[in-house]
Amino acid sequence: MDIQSVSLPLSNRLADDYLRGDPKAASFFTYLPYEEESYRQRLNWLRKQHYPHREQLADGLLAYNRQLENDAEVFRQIEKLRHSDTYVVIGGQQAGVMTGPLYTIHKAVTLIQTARHLQEMLQVDIVPVFWIAGEDHDLEEINHLYYETEEQQLKKLKLSIKQRGRFSASMLPVAPEEMIRFADQFLDVHPETDATASLRRLLHETAQGADTLVEWFALLMARLFGKHGLVLVESSSPFIRSIQRPVFRQVIEQPERMAELLREAEHRIRLAGYEPQLELSDRGGNLFLYEAGERLLLEYEDGRFSTKDGRNSYSREQLLGLLETEPERFSANVVTRPLSQEHIFPTLAFAGGPGEIAYWAFYKECFAALGYQLPIILPRTSITLVDRTIERSMKQFGLGIETVMSGFREWQNDWLASLQEDGLAEQFASTRKKLAELYLPLLENVVRFDAGLSGLADKNLEMLLSQVDFLEKRVQQSLLRRHEVAVKRLKRIEAALIPEGVWQERVYSVISYMNKYGLDFVDRLAAAPLAFGPDHKVVYL
């Protein structure tokens, strides 16, 4: 693997400004992500905190990772958490089918490599932790994968899951046979390689050991990253519920204060010129409650909490009582999940994508109100994988990766224009202009003669101009046929790196790359120097 670092803007402006050290964006956070002093200050703050549940946390993590038959290196990492001077770098993702888009893999690599880097820099034990957000109930976000066809078309393959109501993915059964069938369908649309049979076995074995999509995800992540010491935790685990109960108690006790702080943060974000990422509700309760298995959002109004569907209502005292007796019925939302992570883990840094960073811009004062401090918010490493044939095609066109990733459409339009005969594009533009200039005086006279003909006259001009447009398009089509080979190469570049205008890491699955480059593909990514730095990484395969 050859690696190139390039500077590319993130998809979220607030996150991009924060990444570049803009003071306006940085004001929403406690620390800057790439300054050594940030980590030393955060470490000093953590050393003054008390985590009385370390033993309970380690025991719970051991039990969960043993269920996954995770690697012995993971158990060694977990044991370190029993010691008071051990800290974590944490990040997480929804449990996408067969690990979902590439950015999930990139985030895991970020956690592993950042933990190593910080451990060496600070000379303390740093454990990488991946938080599996298994309770999300929007299955449409996690039940599919995309692949590229031989014609450079993007196709979607969807796992069929029968869902009624708002049931969490971690609690929704999926037959292993269905998961195996999906794995086979996905591999069957890929070329057979030396790795295909082994990859199929991996997917089958993990699916056979799973009863839900979340379990399949966790088993795959354990097989891919266990040897690198990545500790897995799933959000609905009973031991997590038990430990996070104090956070939920505080949220229930002061919903008005939480709502006020979030509104103030939203106002400051808008004043700074950013579009808020988080949509706030006037009745936000910032928790979910399980009712008959369904995960229902709690709303708060006039001193009472109620499920969003209106079926159940609770006083504050009733909800606090329920939290004591049945903590497993409560679930964090986008606000309380970060607070829960901060309470559960001695978190040195949180690694997130651009959208997540923009969410965290809301939380600084909420953390302080509950007695916590915002950890270092570290952007996950963003990576583009470039096949050598794609690299050669780019060189033939003189295309740099920065242009492909952030200005491909404009470049392509200029390239197409350059193929036309000298002056032809200008002639078409000139003809349209002259037609309009010649025709407008006639239209004015027609309208003076009969105002009722105004609409007809306008349509007549549109028809004339459309004929010029039609001829120009036919000329462009002829040019494309004449340069068919070059056009196909450009389509391959686009399909590989920015399918339908979206960065590769948000679309394709690591399974496609493992099929082509081998089962050790993830190991090579984990070993490559990719993490800890603001630049986008381009990996030439």
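Structure: above.
Residues numbered from 1 in each chain as written. Predicted model: local features only at pLDDT ≥ 70, side-chain atom pairs only at ≥ 80, totals over all residues. Heavy atoms only, no water.

### Comments concerning the overall build of the chain
(1) Moving on: Counting secondary structure elements, the chain contains 22 helices and 15 strands.
(2) Moving on: With the principal axes as the frame, the chain shows a C-alpha extent of 85 × 60 × 50 Å.
(3) Moving on: Of the roughly 24600 Å² of accessible surface on the chain, 49% is carried by carbon and sulfur atoms.
(4) Moving on: Positive and negative side-chain charges of the chain, numbering 63 and 77 respectively, have mean locations separated by a distance of 2 Å. (Helix = DSSP H or I, 4+ residues; strand = E, 2+ residues; numbered from the N terminus. Areas by Shrake-Rupley, 256 points an atom, 1.4 Å probe, with all protein chains shown as cover. Lys, Arg positive; Asp, Glu negative; His and termini not counted. Charge placed at Lys NZ, Arg CZ, Asp CG, Glu CD.)

### Some points on the layout of surface pockets
If a probe the size of a water molecule is rolled over the atoms, the empty space left behind becomes visible.
(1) Moving on: Its volume calculated, the second largest pocket comes out at about 740 Å³.
(2) Moving on: Lining the second largest pocket we find 24 residues, and of these Glu148, Thr149, Asp387, Ala496 and Lys516 sit closest to its centre.
(3) Moving on: Breaking the lining of the second largest pocket down by element, the ones donating at least two residues are strand E4 (144-148), helix H16 (388-397), helix H20 (484-497) and helix H21 (510-517).
(4) Moving on: When residues in the lining of the second largest pocket are grouped by element, the largest group, five residues, is from H21.
(5) Moving on: Across the lining of the second largest pocket, the residue classes tally to nine nonpolar, nine polar and six charged. (1 Å grid on protein atoms, 1.4 Å probe; cavity = no way out; pocket = protein on both sides within 12 Å on 5 of 7 lines; lining within 4 Å. Points joined across faces, edges and corners; volume = space filled by probe spheres on them. Nonpolar A, V, L, I, M, F, W, Y, C, P; charged D, E, K, R; others polar.)

### Focus: the pairing of strand E3 (residues 125-133)
(1) Moving on: Counting buried positions over the nine residues of E3 gives eight, a clear majority of the element.
(2) Moving on: As paired elements, strand E2 (residues 86-94) and E3 share nine bridges and run parallel to each other. Looking across to E3, one finds that Gly92 is bridged to Trp131.
(3) Moving on: Read as a crossover between parallel neighbours, the route from E2 over helix H6 (residues 102-122) to E3 is right-handed.
(4) Moving on: One ladder, built from four bridges, connects E3 with strand E6 (residues 231-234); its direction is parallel. Following the sheet pairing, Trp131 is matched in E6 by Val233. (Buried < 20%, exposed > 50% of the residue type's maximum accessible area, 1.4 Å probe, protein only. Pairing = 2+ DSSP bridges. Right-handed = clockwise from strand over helix to strand, strands pointing away.)

### Comments concerning empty space enclosed by the protein
(1) Moving on: Overall, the coordinates contain three cavities of 30 Å³ or more when judged by the stated rule.
(2) Moving on: Put simply, the largest cavity is a space of about 60 Å³.
(3) Moving on: Taken together, Trp131, Glu135, Ser235, Arg241, Gln244, Arg295, Ser331, Ala332 and Arg337 make up the lining of the largest cavity.
(4) Moving on: Those elements that place two or more of their residues in the lining of the largest cavity are helix H10 (238-253) and strand E11 (330-332).
(5) Moving on: A per-class count over the lining of the largest cavity returns two nonpolar, three polar and four charged.

### A few points about the sheet that holds strand E14 (residues 383-386)
(1) Moving on: Reading across from one edge, E1-E15-E14 is the order of the three strands in this open sheet, with mixed pairing throughout. The open sheet is flanked by strand E1 (2-6) and E14, the only strands paired with a single partner. The average undirected angle you get between the axes of adjacent strands in this sheet is 20 degrees.
(2) Moving on: One ladder, built from four bridges, connects E14 with strand E15 (residues 536-540); its direction is parallel. Paired with Thr384 across the two strands is Val538, which belongs to E15. (Axes fitted to C-alpha atoms, helices over the stretch in contact; angles between N-to-C directions.)

### Considering the pattern of salt bridges
(1) Moving on: Tallied over the full model, the rule gives 42 salt bridges.
(2) Moving on: Where Glu266 meets Arg263, a salt bridge forms, and the shortest distance between an N and an O atom there is 2.9 Å. Of the two residues, Glu266 and Arg263 are both situated in helix H11 (residues 255-271); the distance of three residues between them amounts to about one turn of the helix.
(3) Moving on: With a relative accessible area of 12%, Glu266 lands in the buried category. (Salt bridge = Lys/Arg side-chain N within 4 Å of Asp/Glu carboxyl O.)

### Some thoughts on H10
(1) Moving on: Across its 16 residues, H10 extends 22 Å between first and last C-alpha, which sits within 8% of the 22 Å expected from 1.5 Å per residue.
(2) Moving on: Roughly 50 degrees is the biggest bend found in H10, and it falls at Gln244, with proline Pro246 one to four residues downstream.
(3) Moving on: All of the buried residues in H10 are Phe239, Ile240, Arg241, Ile243, Gln244, Arg245, Val247, Phe248, Val251 and Ile252. (Expected span 1.5 Å × (residues − 1). Bend = angle between axes of the 7 residues up to and from the residue.)

### Considerations on the nonpolar core
(1) Moving on: Core analysis: the biggest nonpolar cluster contains 81 residues, and Met98, Trp216 and Phe225 have the highest contact counts within it.
(2) Moving on: Looking at this core element by element, the count peaks at 11 residues for helix H9 (residues 213-225).
(3) Moving on: In contact with Trp216, other than residues within four places in its own chain, are Val97, Met98, Met179, Ala183, Leu203, Thr206, Ala207 and Ala210.
(4) Moving on: Core analysis: the next-biggest nonpolar cluster, separate from the first, contains 64 residues, Val127, Val129, Tyr274 and Phe350 among them. (Core = buried A, V, L, I, M, F, W, Y, C linked by side-chain atoms within 4.5 Å. Contact = heavy atoms within 4.5 Å.)

### Quick notes on the side chain of Arg54
(1) Moving on: Structurally, Arg54 can be placed in helix H4 (residues 54-67).
(2) Moving on: Of the side chains with opposite charge, Asp85 lies nearest to the buried Arg54, which makes no salt bridge, at 6.9 Å.
(3) Moving on: A polar contact of 2.8 Å, which involves the side chain of Arg54, links it to the backbone oxygen of His83.
(4) Moving on: Of the polar contacts made by the side chain of Arg54, one reaches the backbone oxygen of Thr86; its length is 3.0 Å.
(5) Moving on: Apart from residues no more than four positions distant in its own chain, Arg54 is found in contact with Leu81, Arg82, His83, Ser84, Thr86, Tyr87 and Pro346. (Polar contact = N/O pair within 3.5 Å; in protein donor to acceptor, adjacent residues only side chain to side chain.)

### Considerations on the side chain of Glu472
(1) Moving on: Along the chain, Glu472 falls in helix H19 (residues 454-482).
(2) Moving on: Of the residues examined, Glu472 reaches a relative accessible area of 14% and is grouped as buried.
(3) Moving on: Ignoring any residue separated from it by four or fewer positions in sequence, one finds Glu472 in contact with Phe428 and Arg432.

### A short note on unusual backbone geometry
(1) Moving on: Phi at Met98 takes a positive value of approximately 50 degrees, unusual for a residue other than glycine.
(2) Moving on: In this structure, Asp302 takes a positive phi of about 50 degrees despite not being glycine.
(3) Moving on: Among the structural elements, Asp302 can be located in the loop between strand E8 (294-301) and strand E9 (304-307).

### Details of the sheet that holds E6
(1) Moving on: Sheet architecture is open: five strands sit in the order E6-E3-E2-E12-E13, paired in parallel fashion. Unpaired on one side and paired on the other, E6 and strand E13 (376-379) mark the two borders of the sheet. Here the strands of the sheet are splayed against their neighbours by 30 degrees on average, with no regard to which way each runs.
(2) Moving on: Across three bridges, E2 lies against strand E12 (residues 347-352) in parallel orientation. Across the sheet, Val88 pairs through a bridge with Thr347, a residue of E12.

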